[in-house]
Every structure is written in C-alpha cells, then in structure tokens.
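Descriptive analysis of the structure
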Amino acid sequence: MKILNVFNFKRLWLAALIFLSISHAWAIPYYWVAPAGAQVWNDPQNWSLTSGGSGGAGVPGLSDDAIFDSNGVGDCLVDITGLEVESLTFETGFGGLIDLGSTTLSTQQIVNFQTPMENGIVRILGGKIQIQTSNLAIELNGITDDLNLLSNTIQNLTLEITGASLNSVTGNTFTSAIDLRRTGPGLLVFESNSYQDATLRNQNNTGSIIARGNESYNTLNVYNEATSSIDLDYEGGTTTFSNQVLLVNTQNGTISIGLGGGTATLQNSASLQIGAFGTGTVSLNNLIVNGIYNPSVTTLTGTTHLHLANCTFNSPFNQILPRITCGTGNQFNEAFFIDVTGDLPSSISGVFNNSFGLRNIVRSGTGTLTLESNNFQSYLALTNNNNSGSIVGKGNEVYSRVDVFNYADSPVDLAYEGGTTTFSNQVLLVNTQNGTISIGLGGGTATLQNSASLQIGAFGTGTVSLNNLTVNGIYNPSVTTLTGTTHLHLANCTFNSPFNQILPRITCGTGNQFNEAFFIDVTGDLPSSISGVFNNSFGLRNIVRSGTGTLTL
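Residues numbered from 1 in each chain as written. Predicted model: local features only at pLDDT ≥ 70, side-chain atom pairs only at ≥ 80, totals over all residues. Heavy atoms only, no water.

Helix and strand content of the protein: one helix and 64 strands. Computed over its C-alpha atoms, the radius of gyration of the protein comes to 36 Å, more than 25% above the 24 Å expected for a compact globule of 553 residues. Looking at the protein as a whole, 49% of its 553 residues are labelled buried. Considering only contacts within the protein whose residues lie at least 6 apart along the sequence, 35% involve residues at least 24 apart. In the protein, which carries 17 positive and 35 negative side-chain charges, the distance between the mean positions of the two groups comes to 12 Å. (Helix = DSSP H or I, 4+ residues; strand = E, 2+ residues; numbered from the N terminus. Rg over C-alpha atoms; globule rule 2.2 N^0.38 Å. Buried < 20%, exposed > 50% of the residue type's maximum accessible area, 1.4 Å probe, protein only. Contact = heavy atoms within 4.5 Å. Lys, Arg positive; Asp, Glu negative; His and termini not counted. Charge placed at Lys NZ, Arg CZ, Asp CG, Glu CD.)

So this is what it looks like as structure tokens:
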C-alpha cells in the first residue's frame, strides 16, 4: 500500500507539471478599454479580459496578449520600463496613439498594426509582423518569421526575417534608416516604396529578395551573401536612384537591376559603385546612368560576371573585371575603358551607339573576347595582352577610327564571320609578338570607305591577314616597311587605291584585285607567293624581290 501511495503521488505530481506548462503556454488576452484622452499602460482600469468589458483586469505583461480594438479609444502612454508581452495586436477600428516614451517594448508577435506609434523601441522576438496604414515614429527591430508592411510611414527599421513564407513590403515611406536581413528561405518582395537610407542583406541560398518596381531610393546598400539573388526594379514601372548605390556580393549569387523588364534611372547627382565582388553576377538592364558609374576604376575579381543589356551611360564607364556579357541595346555616350582579366568567354554586342569620347577595350585574361554588331562612332583602341584566347570581331560592326594593338601570340580577328564590317576613318594595325591581326579571316566581309585609311605599322613579327576586304580608301598613306619575319596574307581583296608595301613575306592568294598602282618589295628569307592576284584594269605594277627567299608567281 505504501508503494502504491508513492506511485500515485508521482502521477499526480507529473500531471500538475503538465497542467502548469499548458497553462503557461496559454497567453491571457488583455483588451485596452481606456476612455478617450491620454491614458497610461500601467493602469489596471484600462484593461479588460474581454473586448469592451469592464476595466480593472490588471496589466498585461510577459506571456500575455495585449489587444487594442475599437472598444478602446484612449491614447496609450507606455509608462513601464522594459515591458514585454506575448503579442501586441492592433485591430481595425482602434484610433488611438501609442506613445512608448523612452521604453523598449518587446513582443513575440505584432498583428494588424494600424495605429500611430511614437518614441521608444519596439523589439520583435519572433512570430509575425503585419503593419498597415500606420505612422511609426519609433525604432522597430528584432527577428520575425513573417513580414507584411503595407502603406505605412516608418522611421527606423532593423529586422531579420527568418521564415519560409512570402514577405511583402509595399507602398511604404521609410523616412530614416532601414536594414532588412533575409536569413530564412522565404521570398522578400518590395514594391512601390520610398527609401531614405536602405540596406538590404540576403543571407540564405533559398528564396530571394525582389524589388518589383516603382521604387525610389536615396541611399541604397545591397549585400548579397548567398548564392540566391537580389533583383531590383524587377518588373514594370520606373525605379529612381537619387544618391549612392553600392552593390556588394560575396558568394556565387546575383545582384540585378531591371532583369525582369523594369526600367531604372541613376540621377545626375547619384553614383553607382560595384565593390567587393569576387564571384557571382552583376546584371544591369534597362538602366539610364546620368550620374557617376564607379567614381574610380573598380576592380572586380575572381569569376565575377558583369551583364549589361539596354543600358544608357551618360557618364564615363571604367571597369576592370574578369568577365562581361554586353548584349544589344547598350549606349555609351562618354569615355569608355574596360579590361577583361578572366579566363571565361566575354562578349560585347551592340554597344557603341555613341557620339564622342575615347574608347579602350583591353583583354588581359585568357578568355576569348567577342565583339559583334557594335557601332563605334569615335576613337577605339583595341588591345590584346594575353597569349591564350583571342579577340574576335564577329561581324556587322561599324568602326570610326580604330587602333589595334596585338601584344601577344594569340590573334585579333575583325569581321570574322558573316555580315559586313565598315571602317569609316583610320585603321591602324600594330603587332609586337608572333600573333595575328586579321580582317575577314572567317568569311566575313569588310569595306574601307573612301575617306578612310588602312595603316599597317610596327609589325616586326606575326601575320597580317586581309580577306574579303574592299579598299576604297587609302592603303598605307606612305610606303610602310614591315620588318623581321612579318607575313602579309591577302585573299579575295579588292584594292581601289594604290598598294605600296615593303615587307619580308607575302602570301597573296586567288581572288584579289588591284585596280590602282601596285608596288611590292619582298625583303625576307622565307618563301612568298603571289597567285591569281591581278584582275585589274590600270596602273603601274612593280614586283621586287630584294630578300633571299623564293618569290613564286
């Protein structure tokens, strides 16, 4: 019997513990029932256990639910320091003002927050935040699983979003600094907001941050610390950046502007800085840059990929980077400098519908750089600095003045594929290593217009290959001396101006036509050949062999 009593006592004791645990988990609801006027939180008469009931229920505290609805009309001054409740609910119809004084109010959950609140701090310890049509002149910070902000005016906001649901921030005006950090796998969506000083941080590889459009930013700092994406101005409407924009990426993720079709403008007084990118992608689309793109030359490192499409740059563009994909529709209206340093393929297409400014495109890495369908209306310096990879102008290009400098054993090939390439001003070809500079080598056609000139200079080695080229302008304004072991290759070219050349070696294949005076002196010791060359009508012809090599006709 004694053993049985002990056993029964233990059962009763365990049941009591379970009951107490469950009772503690059941938060008690307290309803604000204060009359009109200025009232205080710490007055039991202002609280009831039922909506609209009699006051005197006590004061809500830790593990209690504080509820403000239409049955409580008085303003509430929080006169308790370090107040904590289980949840804080403002239902539709409550029209009072919440004044936190100098206190910090901590809560597990805010639901339907639809009332003005000022002073102090609201600290969120988890749960759900839904704030609508409120004026919050407070500091709101903490951690939440679910965030929904709609049509509010909010001052200071620092939140970590940990949940897996869709989080929405729409139609808000942020009058001071906000810092939103997405650490959960959910989707964080912004739309039609106005920001004074915003910082967005992405720290989870699942989900993403999307700003759909119609946004206005003063200062914006974007940090992508995950393999997922942060997409600004993603859909329709126009986004405006009026001050500094900083894009930072530390993982293999993407930061984009206008990727889904939205348009954006960087205003005159603003700057766009891409910094601390060692990997991932920067994608700029449908962006008009009236301000400053990179106040100084910015170095992107590692495997960072810059993607541009339908952008207009009305300020200088300076960039050192591993990889670029520059699609159609871009326009650069000021000076342009780019150095491609990586080992992956890069491309520049349809870029230069421009009017003035120096252009410099340099390939220092081992990857191939492709040019296609570009319109260079002012000076371009095209430089090849690496023995691996190449520079390829695929075709449908328009060049004004272009200087090509090949300082490597690899090739620079212009008008390489289909379509017609046009040279409307001076063309200068310079080679210092055993590389090749070619025009039309892969089957493309090219035209040197009447007012243009083609100058081959500073070739002591390597190959010049001219193919499918019609020369209406001037070929070598003066007799140019090619030295060393330089090899000139001609195929299917038409020269409608005099051809004068002193050179070590020539391979002149079929299909060439010389319609003006022709002078050549072969000075080298390697075999040269001239085959099927002279389908021409007039002019003096002089072929001289001054070197030790055999010249075959």
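For the rest of this paragraph, the subject is the sheet that holds strand S57 (residues 494-495). Spatially, seven strands are ordered S41-S44-S47-S50-S53-S57-S60 in an open sheet, and the strand pairing comes out parallel. Among the strands making up the open sheet, the edge pair consists of strand S41 (375-376) and strand S60 (513-514). Bridge count between strand S50 (residues 445-448) and strand S53 (residues 469-471): three bridges; the pairing is parallel. Bridge assignment links Leu448 to a residue of S53, and that residue is Val471. (Pairing = 2+ DSSP bridges.)

A word on the pattern of salt bridges. Tallying each qualifying case throughout the model produces five salt bridges. The residue Asp179 makes a salt bridge to Arg201 at a minimum N-O spacing of 3.2 Å. With a gap of 22 residues between them, Asp179 in strand S17 (residues 173-182) and Arg201 in strand S19 (residues 194-202) connect regions that are remote in the sequence. Among the residues examined, Arg201 registers a relative accessible area of 18% and is labelled buried. Ionic pairing is found between Glu417 and Lys394, a salt bridge with its closest N-O pair at 3.8 Å. With Glu417 in the loop between strand S46 (412-414) and strand S47 (420-423) and Lys394 in strand S43 (residues 391-395), this residue pair connects regions lying 23 residues apart in the sequence. (Salt bridge = Lys/Arg side-chain N within 4 Å of Asp/Glu carboxyl O.)

Taking strand neighbours across the sheet as the criterion, the nine strands line up as S31-S34-S37-S39-S42-S45-S48-S51-S54 in an open arrangement whose pairing is parallel. Each of the sheet's edge strands pairs with one partner strand only, and the pair in question is strand S31 (298-299) and strand S54 (474-475). Here five bridges tie strand S45 (residues 402-406) to strand S48 (residues 426-431), and the two strands are oriented parallel to one another. Looking at the pairing, Phe405 lines up with Val430 of S48.

With respect to the element layout, Thr239 can be found in strand S23 (residues 238-241). A distance of 2.7 Å separates the side chain of Thr239 from the side chain of Asp233, its partner in a polar contact. Residue contacts for Thr239: discarding those within four places in its chain leaves Gly213, Asn214, Glu215, Tyr217, Asp233, Thr263, Ala264 and Thr265. (Polar contact = N/O pair within 3.5 Å; in protein donor to acceptor, adjacent residues only side chain to side chain.)

Applying the stated criterion across every chain yields a total of 30 aromatic pairs. A centroid spacing of 5.4 Å and a plane angle of 35° characterise the contact between Trp32 and Phe68, whose relative ring orientation is tilted. Taken together, the positions of Trp32 in strand S1 (residues 28-32) and Phe68 in strand S4 (residues 64-68) put the pair 36 residues apart, joining distant regions of the chain. You can call Trp32 buried: its relative accessible area is 0%. (Phe/Tyr/Trp six-rings, centres within 6.5 Å; stacked < 30°, edge-to-face > 60°.)

All right, on to unusual backbone geometry then. The backbone of Asn119 sits at a positive phi, close to 65°, despite the residue not being glycine. By the secondary structure assignment, Asn119 is in strand S11 (residues 117-125). Asn119 sits in the partly exposed class, given a relative accessible area of 35%. Of note in the backbone geometry, Ser192 takes a positive phi value of approximately 60° without being a glycine. Residue Ser192 is classed as partly exposed on the basis of its relative accessible area, which comes to 32%.

Further remarks concern the environment of Ala198. Relative to the helices and strands, Ala198 is located in strand S19. Once the C-alpha coordinates of Ala198 and Tyr234 are considered, the two residues, 36 residues apart in sequence, prove to be 17 Å apart. If sequence neighbours within four positions are ignored, Ala198 has contacts with Ile178, Thr219, Leu220 and Asn221.

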